[in-house]
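Here's the letter readout for the chains.
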Amino acid sequence: MAMTQVLLLGGTLDAHVLSTLLQAAGLPATYSYAGVTLTRRTPALPTRVGGFGGVDGLVQYLQAQRITHVIDATHPFAAQMSRHAISACAALGIPLLAMERPAWQALPGDQWLHVPDMDAAAQALTPQMPRVFLAIGRKQLAAFAPRAAQHHFVLRVIDRTDETLPLPASSYELLIARGPFALADERALLQRHAIAAIVSKNAGGADTYAKIAAARELRLPVVMVDRPQLPARTRCETPQQAMQWLDSQR
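Residues numbered from 1 in each chain as written. Predicted model: local features only at pLDDT ≥ 70, side-chain atom pairs only at ≥ 80, totals over all residues. Heavy atoms only, no water.

A. How the structure looks around the layout of surface pockets. Quantified by volume, the second largest pocket comes out at close to 180 Å³. Every residue along the wall of the second largest pocket is listed here: Pro76, Glu100, Asp226, Arg227, Pro228, Gln229, Leu230, Pro231, Ala232, Arg233 and Arg235. (1 Å grid on protein atoms, 1.4 Å probe; cavity = no way out; pocket = protein on both sides within 12 Å on 5 of 7 lines; lining within 4 Å. Points joined across faces, edges and corners; volume = space filled by probe spheres on them.)

Written as structure tokens, this is what we have:
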């Protein structure tokens, strides 16, 4: 593909797979990720780490690097980065594709309470949920601090760091693990910790779905944080479809 220069905004397993496909196809591309997670998969492309400095910074980067196509394969909840990509690409007339895995859908037996954000998720916890599994990472834990006197939290994060979490130390247990997680293991975890409810982002994908299936088996409620709303954009679901889109741009 003559003169193609791709910027892949990554951080997900699908982005890692796409980086391998781009490298195998010999397409010039750069993989960019925020750098929040310390334990990460090594992509097959040249990488850059960190933010761009808002929309203006991203515009400058796209121009300086002569980027011709942008693929947004960030996490479905990385809304700020996605909005910046939409604005920067629109300003420069650069084609943008969002590779977005489908959201999970409730199945018979699921007990989901849909909420729009983490503050609403914290407010949704009831006295009948004394022990709560927070499968949300560490960035938005502050929303649950006001509920620490009424609930005990089990947190699962990817990295072990020295960062002080915004919760009273006596109010939580910290688990360090990275998916994919097996259904039997998730069921055992929920039972071992006497979990009464789960708070989860609707991330989609198979890596972390087992906790949702386990909650269904154990008849546990799931406070499901819905994905942020983003402006309309061209989308696909898989790395293979992203490669087809690039091919169609020729």
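There's more to say after this.
B. Looking closely at the sheet that holds strand β2 (residues 29-33). Reading across from one edge, β3-β2-β1-β4-β5-β12 is the order of the six strands in this open sheet, with parallel pairing throughout. The sheet is open, and its two edges are formed by β3 (47-49) and β12 (235-236), each paired on a single side. Bridging between β2 and β3 involves three bridges; their strand directions are parallel. The partner of Tyr33 across the bridge, within β3, is Val49. Strands in contact with helix α3 (residues 79-92) are β1 (6-9), β4 (69-72) and β5 (96-99); relative to β5, the strand with the most contacts, it is inclined by about 160°. Its contacts with the sheet put helix α7 (residues 239-248) on β1, β4, β5 and β12, and the angle it makes with β4 is roughly 165°. (Pairing = 2+ DSSP bridges. Helix = DSSP H or I, 4+ residues; strand = E, 2+ residues; numbered from the N terminus. Contact = heavy atoms within 4.5 Å. Axes fitted to C-alpha atoms, helices over the stretch in contact; angles between N-to-C directions.)

C. Inspection of the nonpolar core at higher detail. By size, the foremost hydrophobic cluster in this structure holds 22 residues, and its most contacted members are Leu125, Leu134, Phe144, Phe153 and Val199. Looking at this core, the elements with two or more residues in it are α4 (118-124), β7 (131-135), β8 (152-157), β10 (197-201) and β11 (221-225). Considering each element in turn, this core owes the most residues, four residues, to α4. In contact with Phe153, not counting residues within four places along its chain, are Leu125, Val132, Leu134, Phe144, Arg147, Ala148, Leu167, Ser171, Tyr172 and Glu173. In this structure, Leu8, Leu22, Tyr33 and Met243 belong to the second largest nonpolar core, which totals 19 residues. (Core = buried A, V, L, I, M, F, W, Y, C linked by side-chain atoms within 4.5 Å. Buried < 20%, exposed > 50% of the residue type's maximum accessible area, 1.4 Å probe, protein only.)

That's the geometry; what it means functionally is another story.
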